[in-house]
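Here are the chains, one letter per residue:
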Amino acid sequence: QVQLVESGGGLVQAGGSLRLSCAASNIIFSINAVGWYRQAPGKQRELVAHITSGGLTHYVDSVKGRFTISRDRAKNTIDLQINSLKPEDTAVYYCNTPLNGADYWGQGTQVTVSS
């Protein structure tokens, strides 16, 4: 069974940085597309960054230039480097990957940015 586990969240001041990591078991991330999503209180979950199996990346406009999604093949993780954090980045961050018609999600990691 595919399992995704996010880590790296925390409480940081505005302007700070965090590096989130999504680790996978029973799946090889290098051949899968993966997305990082976030959900703030009272808001819908939104896709913030995506990487294809070929390494192409896409970002929502609000995070462009501040977020970087990358693949660590040795660790089988998909990482999200978050710089210049803003209070509006506060949310639970999830990773997702589709496989064989199913969507797999991790449990999420909380990012809280204080002003």
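That block above? That's the structure.
K.L.:
I'd like a rundown of the packing of aromatic side chains, residues and numbers included.
P.N.:
By the definition in use, this model includes 3 aromatic pairs. Aromatic side chains Tyr94 and Trp105 sit 6.4 Å apart centroid to centroid with 85° between the ring planes, which places their arrangement in the edge-to-face category. Here Tyr94 is found in strand E9 (residues 91-99), whereas its partner Trp105 is found in strand E10 (residues 102-105), with 11 residues between them in sequence. Of the residues examined, Trp105 reaches a relative accessible area of 34% and is grouped as partly exposed. The structure contains a cluster of three or more aromatic residues connected by ring pairs, namely Tyr37, Tyr94 and Trp105.

K.L.:
How would you summarise the sheet that holds strand E1 (residues 3-7) if you had to cite specific residues and measurements?
P.N.:
The antiparallel open sheet is built from 4 strands, whose spatial order is E1-E3-E8-E7. Edge positions in the sheet fall to E1 and strand E7 (67-72), since each has one partner strand and no second. Averaged over all pairs of adjacent strands, the angle between strand axes in this sheet comes to 15°, irrespective of strand direction. Where E1 meets strand E3 (residues 18-25), 5 bridges bridge the pair, whose relative direction is antiparallel. In the strand pairing of E3, Gln3 is matched with Ser25.

K.L.:
Which residues make up the state of the cysteines, and what values go with them?
P.N.:
Using the criterion set out here, one finds 1 disulfide in the structure. Note that Cys22 is cross-linked by a disulfide to Cys95, the S-S spacing being 2.0 Å. The S-S bond linking Cys22 to Cys95 shows a torsion near 65°; that makes this disulfide right-handed. Taken together, the residues span a long stretch of sequence, with Cys22 in strand E3 and Cys95 in strand E9 at a distance of 73 residues. By the burial criterion, Cys22 is buried, and Cys95 matches it.

K.L.:
Help me get a handle on the environment of Ser53, residues and values and all.
P.N.:
As for its position among the elements, Ser53 is in the loop between strand E5 (46-51) and strand E6 (57-59). Residues Ser53 and Asn32, spaced 21 residues apart in sequence, show a C-alpha to C-alpha distance of 4.8 Å. Discounting residues that sit within four places of it in the chain, Ser53 has contacts with Ser30, Ile31, Asn32, Ala33 and Arg71.

K.L.:
So, the pattern of salt bridges: which residues are in play, and what are the values?
P.N.:
Going through the model one piece at a time under the given rule, you end up with 5 salt bridges. Close ionic contact of Asp79 with Arg19 constitutes a salt bridge, the shortest N to O distance being 3.4 Å. Highlighted residues: Asp79 in strand E8 (residues 77-82) and Arg19 in strand E3, separated in sequence by 60 residues. Classification of Asp79 as buried rests on a relative accessible area of 7%. Of the charged contacts, one joins Lys64 and Asp61 as a salt bridge, the two residues approaching to 3.0 Å between their closest N and O atoms. Judged by relative accessible area, which is 63%, Asp61 ranks as exposed.

Cut-offs applied
- Position labels on residues start from 1 in each chain and follow its written sequence.
- For a predicted model such as this one, the threshold for reporting local features is a pLDDT of at least 70, and the threshold for listing and counting side-chain atom pairs is 80 or more; totals across whole chains, interfaces and linings nevertheless cover every residue.
- Water and hydrogen atoms play no part in the side-chain values, which are based on all heavy atoms of the structure.
- Centre distance within 6.5 Å is the pairing criterion for rings of Phe, Tyr and Trp, where only the six-membered ring of Trp is used; planes under 30 degrees apart are then read as stacked, over 60 as edge-to-face, and the remainder as tilted.
- Helical segments are the DSSP runs of H or I of at least four residues, strand segments are the runs of E of at least two, and each set is numbered from the N terminus.
- Buried, partly exposed and exposed residues are distinguished by accessible area as a fraction of the type maximum, computed with a 1.4 Å probe on protein chains only: under 20%, between the cut-offs, and over 50%, respectively.
- Criterion used throughout: strands pair if DSSP finds at least two bridges between them.
- Comment: axis = line fitted to C-alpha atoms, over the contacting stretch for helices; angle = value between 0 and 180 degrees taken between N-to-C directions.
- Cysteine sulfur atoms are paired as a disulfide whenever they fall within 2.5 Å.
- Residue contacts follow a heavy-atom distance rule, with two residues in contact if any of their heavy atoms lie within 4.5 Å.
- We count a salt bridge whenever a side-chain nitrogen from Lys or Arg sits within 4 Å of a carboxyl oxygen from Asp or Glu.

Fair warning: the whole summary comes from geometry, so function is off the table for now.
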